Amino acid sequence: MGGEAMNVRRQRSLDPPQRRDGGFLMLEVILAMALLAISTVAIVESLGRCLAAARAVQNYSTSEILLANKSFEFRIERSTDLLDQEGEFDDYPGFSWTRKLEQTDSEGLWKQTVTVYWYDRGKLASDSVVEYRYLPLKER
């Protein structure tokens, strides 16, 4: 019997110590909190980028509508219209426009450039449309 007791003692000493309580180790809690913090930062950064992209798409969509409207306004050219004009959109604060009319080498053919400007994340952004118009009565 002495041999069996010795084997049981050896087996117990080779087994890893068992936890007596069912709680978490401090290291496990710290790792879980670190993963949670990293995930939260990544999600917040991704949401910020998504909002910036959505704002940029909205600004470009607005500029396309404004360009089309402004280009339509210049379809009828009056002799008193200036070659270069600029202004702001009353209904769209933060958006402004310019119009440049340049004579080409062909008689009566003019190059019209309408540009819409706005600020996107602190930088000036723009979108333009170029049209060639036949205006035989227009003078420089």
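If you're wondering where the values come from, they're calculated on a predicted model, not measured in any experiment.

J.: Can you lay out the overall build of the protein for me, pointing to particular residues and giving the numbers?
T.: Each helix and strand in the protein was counted, giving 2 helices and 4 strands. Ordered by position from N to C terminus, the α and β elements of the protein give α-α-β-β-β-β. By the burial criterion, 24% of the 140 residues in the protein qualify as buried. Partitioning the intrachain contacts of the protein with sequence separation of at least 6 by distance along the chain shows that 44% fall at a separation of at least 24.

J.: Residue-level account of unusual backbone geometry, with values.
T.: In this model, Arg121 sits at a positive phi of 55°, which is unusual for a non-glycine residue. Relative to the helices and strands, Arg121 resides in the loop between strand E3 (109–120) and strand E4 (123–134). A residue is classified by how much of its surface remains accessible, and Arg121, at 62% relative accessible area, is exposed.

J.: So what's going on with the pairing of E4? Residues and values would help.
T.: Relative to E4, E3 is paired through 12 bridges, and the arrangement is antiparallel. Its bridge partner lying in E4, Gln112 is registered against Glu131. Connecting the antiparallel pair E3 and E4 is a turn made up of 2 residues, with Arg121 showing a positive phi of about 55°.

J.: Run through the pattern of salt bridges, naming residues and quoting values.
T.: Overall, the coordinates contain 3 salt bridges when judged by the stated rule. Glu131 is paired through a salt bridge with Arg75; the nearest N and O atoms lie 3.4 Å apart. Taken as a pair, Glu131 in strand E4 and Arg75 in the loop between helix H2 (26–73) and strand E1 (84–88) lie far apart in primary sequence, 56 residues in all.

J.: So what's going on with the sheet that holds E3? Which residues, and what values?
T.: Spatially, 4 strands are ordered E1-E2-E3-E4 in an open sheet, and the strand pairing comes out antiparallel. The strands lining the two open edges of the sheet, one partner per strand, are E1 and E4. Pairs of neighbouring strands in the sheet enclose a mean axial angle of 15°, with direction left out of account. Contacts from H2 reach strand E2 (96–103), E3 and E4 within the one sheet, and its direction differs from that of E3 by about 150°.

J.: Now, about a nonpolar patch on the surface: what can you tell me, with residues and values included?
T.: On the surface, Phe24, Met26, Val29, Ile30, Met33 and Leu36 cluster together into a nonpolar patch covering about 680 Å² of accessible area. Topologically, Met26 is positioned in helix H2.

J.: If you had to explain the packing of aromatic side chains to someone new, which residues and values would you point to?
T.: How two aromatic rings sit relative to each other is set out by the distance from centre to centre and by the angle between their planes. A full pass over the atoms with the stated rule returns 4 aromatic pairs. These aromatic residues form a ring-pair network of at least three members: Tyr60, Tyr92, Phe95 and Trp118. Looking at Arg99, its charged tip hangs above the ring of Phe74, at a distance of 4.3 Å from the centre.

J.: How would you summarise the nonpolar core if you had to cite specific residues and measurements?
T.: Formed by Leu66, Leu67, Phe74, Phe89, Phe95, Trp97, Val114, Val116, Trp118 and Ala125, the largest nonpolar core amounts to 10 residues. Listed by contribution, the elements that provide at least two residues to this core are H2 and E3. By residue number, the principal contributor to this core is E3, which donates 3 residues. If near-sequence neighbours (up to four positions away) are discounted, Phe89 is found in contact with Leu66, Lys70, Phe95, Ser96, Trp97 and Val116.

Rules used throughout
Along each chain, numbering runs from 1 in the same order as the chain's sequence is written. Where totals are concerned, whole chains, interfaces and linings use all residues; where local detail is concerned, this predicted model gives features only for residues with pLDDT of at least 70, and gives and counts side-chain atom pairs only at 80 or more. Where side-chain values are given, they derive from all heavy atoms of the structure, hydrogens and water being excluded. In this description a helix means any DSSP run of H or I spanning at least four residues, a strand means any run of E spanning at least two, and both kinds are numbered starting from the N terminus. Throughout, exposure labels follow a simple rule: accessible area from a 1.4 Å probe, protein chains only, divided by the maximum for the residue type, with under 20% read as buried, over 50% as exposed, and the rest as partly exposed. Note on definitions: a residue-residue contact is assigned when non-hydrogen atoms from the two residues lie within 4.5 Å. Two strands are counted as paired when DSSP detects at least two bridges linking them. Any carboxyl oxygen of Asp or Glu that lies within 4 Å of a side-chain nitrogen of Lys or Arg is treated as forming a salt bridge with it. For helices, the fitted axis covers only the stretch in contact; all axes are lines through C-alpha atoms, and the angles between them, taken along N-to-C directions, range from 0 to 180 degrees. Each patch groups residues whose relative accessible area exceeds 30% and which form no salt bridge, using 9 Å between like charges and 5 Å between nonpolar side chains of Val, Leu, Ile, Met, Phe, Trp and Tyr. Note that accessible areas follow from Shrake-Rupley with a 1.4 Å probe, and for residues the cover is restricted to the protein chains shown. A pair of Phe, Tyr and Trp rings is counted when the ring centres sit within 6.5 Å of each other, with Trp represented by its six-membered ring. The angle between the planes then sorts it: under 30 degrees is stacked, over 60 is edge-to-face, the rest tilted. By definition, being over a ring means that NZ of Lys or CZ of Arg is both within 6 Å of the ring centre and within 35 degrees of the ring normal. What makes a nonpolar core is a set of buried Ala, Val, Leu, Ile, Met, Phe, Trp, Tyr and Cys residues whose side-chain atoms join them at distances within 4.5 Å.

Remember, this is a structural readout, not a statement about activity or role.
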